[in-house]
Amino acid sequence: MTDIEVCVGSSCFLRGAETVIRLLQELLERHGLTARVVLRGSFCMENCTQGVTIRIGGQLHRGVFPEDVPALFAREVLGRLTEGRTSP
Amino acid sequence: MRTAVRYCINVGHSQLIKHGEELCGDSVSITRAGQSTVAVVSDGLGSGVKACILASVTTRMAATMVRKGASIDEVIATLAHTLPVCRVRQLAYSTFTLLQVHQDGRAYLAEYDNPPAILGRRGDPLAVCREERTVGERVVREAMLSLQDGDWAVLLTDGVLHAGIGGIWNLGWGYERMERFVRQTQATGCTPQELAEQVTALCRKLYGGRPGDDTTVVCLEVRIPRRLTALVGPPQDRRHDPEVVSALMRAEGYRVVCGGTTGNLVARELGLPISVDLSALQSRVPPPASIAGIDLVTEGMLTLFRVRELLAHRRPQPGAGDAASRLAALLLEADQIHFIVGRAINPAHQSPDVPAELALKSQIVQDIARSLRRHGKRVKIEYR
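Residues numbered from 1 in each chain as written. Chains lettered and ligands numbered in written order. Predicted model: local features only at pLDDT ≥ 70, side-chain atom pairs only at ≥ 80, totals over all residues. Heavy atoms only, no water.

1. Re the nonpolar core
One finds Ile4, Val6, Leu24, Leu39, Ile54 and Val77 of chain A together with Val266 of chain B to be the most contacted residues of the largest nonpolar core, which totals 41 residues. Mapped onto this core, the elements with two or more residues apiece are strand 1 (4-7), helix 2 (17-30), strand 3 (52-56) and helix 3 (69-83) of chain A together with helix 6 (241-250) and helix 7 (260-270) of chain B. Top contributing element to this core by residue count: helix 2 of chain A, with six residues. In terms of nonpolar packing, the next biggest core, distinct from the first, is built from 29 residues, Leu296, Leu331, Ala369 and Leu372 of chain B among them. (Core = buried A, V, L, I, M, F, W, Y, C linked by side-chain atoms within 4.5 Å. Buried < 20%, exposed > 50% of the residue type's maximum accessible area, 1.4 Å probe, protein only. Helix = DSSP H or I, 4+ residues; strand = E, 2+ residues; numbered from the N terminus.)

2. Points about the sheet that holds strand 2 (residues 26-33) of chain B
Residue and element names in this part refer to chain B. The strand order across the open sheet built from six strands is 2-3-4-5-9-8, with neighbouring strands paired in antiparallel fashion. Two strands lie at the open edges of the sheet, namely strand 2 and strand 8 (131-135), each paired on one side alone. Averaged over all pairs of adjacent strands, the angle between their axes in this sheet comes to 15 degrees, without regard to strand direction. Summarising the sheet, strand 5 (residues 106-112) and strand 9 (residues 138-146) pair through six bridges and their orientation is antiparallel. Bridged to Arg106 within strand 9 is Ser146. Running at roughly 155 degrees to strand 3 (residues 36-44), helix 1 (residues 48-67) makes contact with strand 2, strand 3 and strand 4 (94-102) of the sheet. (Pairing = 2+ DSSP bridges. Axes fitted to C-alpha atoms, helices over the stretch in contact; angles between N-to-C directions. Contact = heavy atoms within 4.5 Å.)

3. Notes on empty space enclosed by the protein
Residues and elements named next belong to chain B. For the structure on display, the rule yields one cavity of 30 Å³ or more. Lining the largest cavity are Trp152, Ala153, Gln186, Cys190, Thr191, Pro192, Leu195, Cys219, Leu220 and Glu221. By residue number, the principal contributor to the lining of the largest cavity is strand 11 (residues 215-223), which donates three residues. Across the lining of the largest cavity, the residue classes tally to seven nonpolar, two polar and one charged. (1 Å grid on protein atoms, 1.4 Å probe; cavity = no way out; pocket = protein on both sides within 12 Å on 5 of 7 lines; lining within 4 Å. Points joined across faces, edges and corners; volume = space filled by probe spheres on them. Nonpolar A, V, L, I, M, F, W, Y, C, P; charged D, E, K, R; others polar.)

4. A look at the state of the cysteines
When the sulfur atoms of two cysteines share a covalent bond, that bond is a disulfide. Residue and element names in this part refer to chain B. The tally for this structure, following the rule as stated, stands at zero disulfides over all chains. We note that Cys190 lacks a disulfide partner, and the nearest cysteine sulfur, in Cys219, lies 7.7 Å from it. Classification of Cys190 as buried rests on a relative accessible area of 9%. (Disulfide = S-S within 2.5 Å.)

5. Considering the interface of chain A and chain B
When the parts of a complex come together, some accessible area is lost, and that lost area is often taken as the interface size. With 18 residues of chain A in contact, the opposing surface of chain B contributes 28 residues. Buried area between chain A and chain B, both sides added, is near 1,700 Å², and the carbon and sulfur share of it is 69%. Among the residues of chain A in contact with chain B, Ser10, Phe13 and Phe43 of chain A are the three that bury the most area, contributing 37% of the side total. Counting only elements with at least two residues in the side of chain A that touches chain B, the list comes to helix 1 (10-14), helix 2 and strand 2 (39-42) of chain A. For the side of chain A that touches chain B, the residue count by class is eight nonpolar, five polar and five charged. (Buried area = accessible area lost by both parts, 1.4 Å probe.)

6. Quick look at helix 8 (residues 301-313) of chain B
Spanning 13 residues, helix 8 of chain B covers 18 Å between terminal C-alpha atoms, matching the ideal 18 Å at 1.5 Å per step. Met301, Leu302, Thr303, Leu304, Arg306, Val307, Arg308, Leu310 and Leu311 of chain B are the residues of helix 8 of chain B that are buried. The secondary structure elements touched by the buried residues of helix 8 of chain B are helix 1 of chain A together with strand 12 (227-232), strand 13 (254-258), strand 16 (296-298), helix 9 (323-333) and helix 10 (361-374) of chain B. (Expected span 1.5 Å × (residues − 1).)

7. A few points about the environment of Gly63 of chain A
Residue and element names in this part refer to chain A. Relative to the helices and strands, Gly63 is located in strand 4 (residues 59-64). Each C-alpha atom of the pair Gly63 and Thr53 lies 6.0 Å from the other, and the pair is ten residues apart in sequence. Setting aside its immediate chain neighbours within four residues, Gly63 contacts Gln50, Gly51, Val52 and Asp68.

8. Quick look at the packing of aromatic side chains
Taken as a whole and assessed by the stated rule, the structure comprises three aromatic pairs over all chains. Ring pairs connect the aromatic residues Tyr93, Phe96 and Tyr112 of chain B, which therefore count as one cluster. (Phe/Tyr/Trp six-rings, centres within 6.5 Å; stacked < 30°, edge-to-face > 60°.)

9. A closer look at the domain arrangement of chain B
Residues and elements named next belong to chain B. By domain assignment, chain B separates into domain 1 (8-223) and domain 2 (227-383). Computed from C-alpha coordinates alone, the two centres of domain 1 and domain 2 are separated by 37 Å. On the domain 2 side, the residues contacting the nine residues of domain 1 number nine residues. Taking both sides of the interface into account, the surface hidden between domain 1 and domain 2 amounts to around 770 Å²; carbon and sulfur atoms contribute 35%. Connecting domain 1 to domain 2 are two salt bridges. Of the charged contacts, one joins Arg223 and Asp335 as a salt bridge, the two residues approaching to 2.8 Å between their closest N and O atoms. Scanning the region where domain 1 abuts domain 2 turns up four residue pairs in polar contact (both at pLDDT 80 or more). Within the residue set of the side of domain 1 that touches domain 2, elements represented by two or more residues are strand 1 (8-16) and helix 5 (192-206). Tallied by class, the residues present in the side of domain 1 that touches domain 2 amount to two nonpolar, four polar and three charged. (Domains from an automatic or database assignment. Salt bridge = Lys/Arg side-chain N within 4 Å of Asp/Glu carboxyl O. Polar contact = N/O pair within 3.5 Å; in protein donor to acceptor, adjacent residues only side chain to side chain.)

Take a look at the structure:
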């Protein structure tokens, strides 16, 4: 299972965490992955100083902006699923 | 062991000043001392400064004397001897309604020339057996009451009854219509302050925005105190984390945690999972989270900032699911609120992207506390 955690702490929220979550929700629905990938919110991941912090399958991605989401999703989520990689 | 119930008495009041005057000729005094709360409302003869002086002298003197154990006879005798005499009317006159409520629920009501107080037991009218007594030349109506959780009272001056006179209502709003409105509004679950404000707001409308008389409403509510303890931010010294969390968990009543890092800290100390509720995603503030045993876990500054706004301007929308509305509603439901404010500095708030005001945590908590006190809450702020 590839889980996605998005930080919704003060800092990430101000930098667009909500939009990032919406985009991820849409992408998961479009690819029919809502049952396979759990999208969760998380409070402060203590990487506040850059952009939205996301953890995909245990791996941290800092400074994510809404416009980065489609590429990140394709690489990290779809990529992982097709390669059959699982989260640690 | 069961100790006797100690009720808390929540009080709110609101006034309108007669159009064209600068001072209100009605006076309100609410004093809390020792075991009792004393609320006095007085309407001074005439309007403006003269009425204001008469009414203020009356409320202050009555409240102080009753609090010190004087009888109403003594209060009236003293008032008769000390109120300044109006040169025009050769009279020294002011009305009053006095309600003293002890922490154990015993209460004493005395009314002199004001419209009768309205009392209720939750949604029902509370029958009050008043006894009329003549003190000097004045007829005072008195009642001894035994109040309990959920009882409430509204004291008022005749400006409320006269609202709309000669305009919307030929003879003014009137006691019955006014009483019905008070009971209906009270039943919506508003705080005493909101109830008082809603009554005077309607009076102002009935008066067409130009009150023809000074108008005063005082609302009291008796209830078993509800406590709320809120942990806001991590303590300055990490070694105090366990202590602060155990203080929160030992507290009775609602438990609230504000702040992302603080939420994580509490979950860690308790060894429990924390999960963010994405279904309540709403654009103004980050969504709430949940930890077993904690009533509400929210993000910190953005949420508190919004709570401050909600409390300062209006009542949070009932049923609104976002974290700030839920926190504001919980705070308004509580009577005794304890904020434990951690003084750790969040490096993220030092970033130039974050509005400077958001970093002023203690200022925001103090502003929230001020709003809550205005609603009659007892608020304690502790810094860690």
